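Single-letter residue listing:
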Amino acid sequence: MMNHIERSHLEEYGTEPCAIAEVPQVVTLIGAFSDCIDGYAIMGTCDNGLKIAVSKRDDNTVKILNATKQDKKKFQITNIKYRKEDRWANCIKAILQEVVSSGFVLPGMNITIQGESAICDNPSFSSYAFIGMLFALEGLLGISFTKEEKKKMAFSSNRFSQAFQARLRDLITLLYSKEDNLMFFDLSNHSYEFLEYPKKDNVSSLLISTAIPYTILTPELEEFRQEANEVVGLIRKKLPKTMSIKNLNEKNIRQILNISSEQKKGQLRFLVEDSECALNGWKALKNGDMELFGKNMNLQEKGLEMNAELTSPEIDWIVKRGCEMKKLYGICQIYTGAAGTLFALIDSSVDFPYTSQLEEYERIFGFHANVCPYVPYGSARSMRRDEYSTCQ
């Protein structure tokens, strides 16, 4: 039986894919903005990513179908150039150009992209597209890249377009993440460590999708990141070289730095707290203390609301309903490349958490939210040939 992307590829091009890559969705549980200050982040993956299917052509044309966006692009493999109007397809061009620059001769090909992460912010989509295409090309051409080669080629693809810049931590997570494990990053040098996610019989880990459209809140998140980077740039000029922004305290923020804008103070305060919550949350996870981990999740969510002002009525409503549960340990927004997903820790004795609330949520807001268990998923991969119909 064909899977969705295989069917989409066949319907569009009349041929079955010769290779399919599966790219998980990167989830940043705490520390989504801490890269602005070289801070800390807790990251993992889930299975709501995207797939990329490819097949060869007899000419030099590259055709791309983004089946999720219902958008199509094409260009010549012998004449790869950046075009602003090609938007998301420039990511595919970038990685193909990098492969060609590495000495490989590429044929024309048909490409299909499909999945939840086909609609997300530019840095996230760049990471998914770069890594996914490298795995797909391995299957299509019978070549092999090491993980380190994939990381270098993907990161080098950033030079193709200023609009699509993959984050190094996302590339590393996609390539090196392990099933059932979370990753902790020190973003000052992108070092990382693994920890098997604590499995507690009395705690349920849940992902809650609010199903809000991409246009709700995600643009505000991107704007906040840009403003935060500008604030950090100003601070770095004033800060002694011996001081690190991620180690600033409230006194530093209020007095030493002498920022006049309350909004900028709030932004800086959030960045520092975001990184600190990730560090303290990781320590809690290493000790198996899910209650303390939940408290750090709550602190991050409070910072998003109070200092970063990054929330929406839909998210506020679900967070409030969660806080009304007596056995909720923590709930916070997490970043997946788009806004609208929450992570919750709830006592497992609670039967069908959020079921009745989500029915009311849909009646009020008109969006069909859903809840699913969270287990760290693993890394990007080439799908096995027995998982889909293959070229003969």
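Remember, predicted model here, so these are calculated numbers, not experimental data.

J.: Go over empty space enclosed by the protein with me, naming the residues and quoting the values.
T.: Counted under the stated rule, the structure contains 2 cavities of 30 Å³ or more. Computed from the structure, the largest cavity encloses a volume of approximately 120 Å³. Every residue lining the largest cavity is counted, 14 residues in all, and those nearest its centre are Phe33, Leu304, Gln333, Ile334 and Tyr335. Breaking the lining of the largest cavity down by element, the ones donating at least two residues are α8 (262-286), α9 (290-306) and β9 (328-334). Reported here for the second largest cavity is a volume of approximately 60 Å³. Lining of the second largest cavity is provided by Val26, Thr28, Ala32, Ser124, Arg167, Arg169, Asp170, Tyr335, Thr336 and Gly337. Those elements that place two or more of their residues in the lining of the second largest cavity are β1 (19-30) and α5 (168-176). Here the residues of the lining of the second largest cavity are counted per class, giving 3 nonpolar, 4 polar and 3 charged.

J.: I'd like a rundown of the environment of Tyr40, residues and numbers included.
T.: Relative to the assigned elements, Tyr40 resides in strand β2 (residues 40-56). Note: C-alpha distance between Tyr40 and Met133 (93 residues apart in sequence) is 29 Å. Once you skip the residues sitting within four places of it in the chain, Tyr40 turns out to touch Ile30, Gly31, Ser34, Phe184, Phe185, Asp186, Lys246, Ser275, Ala278 and Leu279.

J.: Provide a residue-level description of the packing of helix α10 (residues 313-323) against helix α11 (residues 355-365), including the pertinent values.
T.: With their axes 11 Å apart at the nearest point, α10 and α11 run at an angle of 155° to one another. Taken together, the axis directions place α10 and α11 in an arrangement best described as roughly antiparallel. The chirality of how α10 crosses α11 is right-handed. Across the interface between the two elements, Pro313, Glu314, Trp317, Ile318 and Arg321 from α10 touch Gln357, Leu358, Glu360, Tyr361, Ile364 and Phe365 from α11. In terms of residue class, the contact of α10 with α11 is made up of 7 nonpolar, 1 polar and 3 charged.

J.: Got a sec to walk through the environment of Gln162? Specific residues and values, please.
T.: With respect to the element layout, Gln162 can be found in the loop between α4 (147-156) and α5. With relative accessibility at 70%, the residue Gln162 sits in the exposed group. In this structure the C-alpha to C-alpha distance between Gln162 and Glu138, which are 24 residues apart in sequence, comes to 27 Å.

J.: Before we move on, can you summarise the sheet that holds strand β8 (residues 203-209) with the specific residues and values?
T.: Pairing between sheet strands relies on hydrogen bonds along the backbone, with the strands arranged either parallel or antiparallel. Taken in spatial order, the 4 strands make up an open sheet running β9-β10-β8-β11, and their pairing is antiparallel. Every interior strand has two partners, whereas the edge strands, β9 and β11 (370-373), have only one. Ignoring which end each strand starts from, the neighbouring axes of this sheet average 25° apart. Contacts between α9 and the sheet are confined to β8, β9 and β10 (341-347), with β9 contributing the most and set at about 45° to the helix.

J.: An account of helix α1 (residues 4-13) is requested, with residue identities and associated values reported.
T.: Listing the buried residues of α1 in full gives Ile5, Glu6, Ser8, His9 and Tyr13. Down the axis of α1, the buried set is contained in an arc of 165°. They therefore lie on one face. Pointing more than 90 degrees away from the buried face of α1 are the exposed residues His4 and Glu11. Those residues of α1 hidden inside the fold are in contact with β1, β2, β3 (61-66) and β5 (109-115). Positioned one or two residues after α1, Gly14 has a phi angle of 80°, which is positive.

Cut-offs applied
Residues numbered from 1 in each chain as written. Predicted model: local features only at pLDDT ≥ 70, side-chain atom pairs only at ≥ 80, totals over all residues. Heavy atoms only, no water. 1 Å grid on protein atoms, 1.4 Å probe; cavity = no way out; pocket = protein on both sides within 12 Å on 5 of 7 lines; lining within 4 Å. Points joined across faces, edges and corners; volume = space filled by probe spheres on them. Helix = DSSP H or I, 4+ residues; strand = E, 2+ residues; numbered from the N terminus. Nonpolar A, V, L, I, M, F, W, Y, C, P; charged D, E, K, R; others polar. Contact = heavy atoms within 4.5 Å. Axes fitted to C-alpha atoms, helices over the stretch in contact; angles between N-to-C directions. Parallel < 35°, antiparallel > 145°, perpendicular 65-115°, else oblique. Left-handed = near helix turned anticlockwise from the far one by under 90°. Buried < 20%, exposed > 50% of the residue type's maximum accessible area, 1.4 Å probe, protein only. Pairing = 2+ DSSP bridges. Arc of directions from axis to C-beta.

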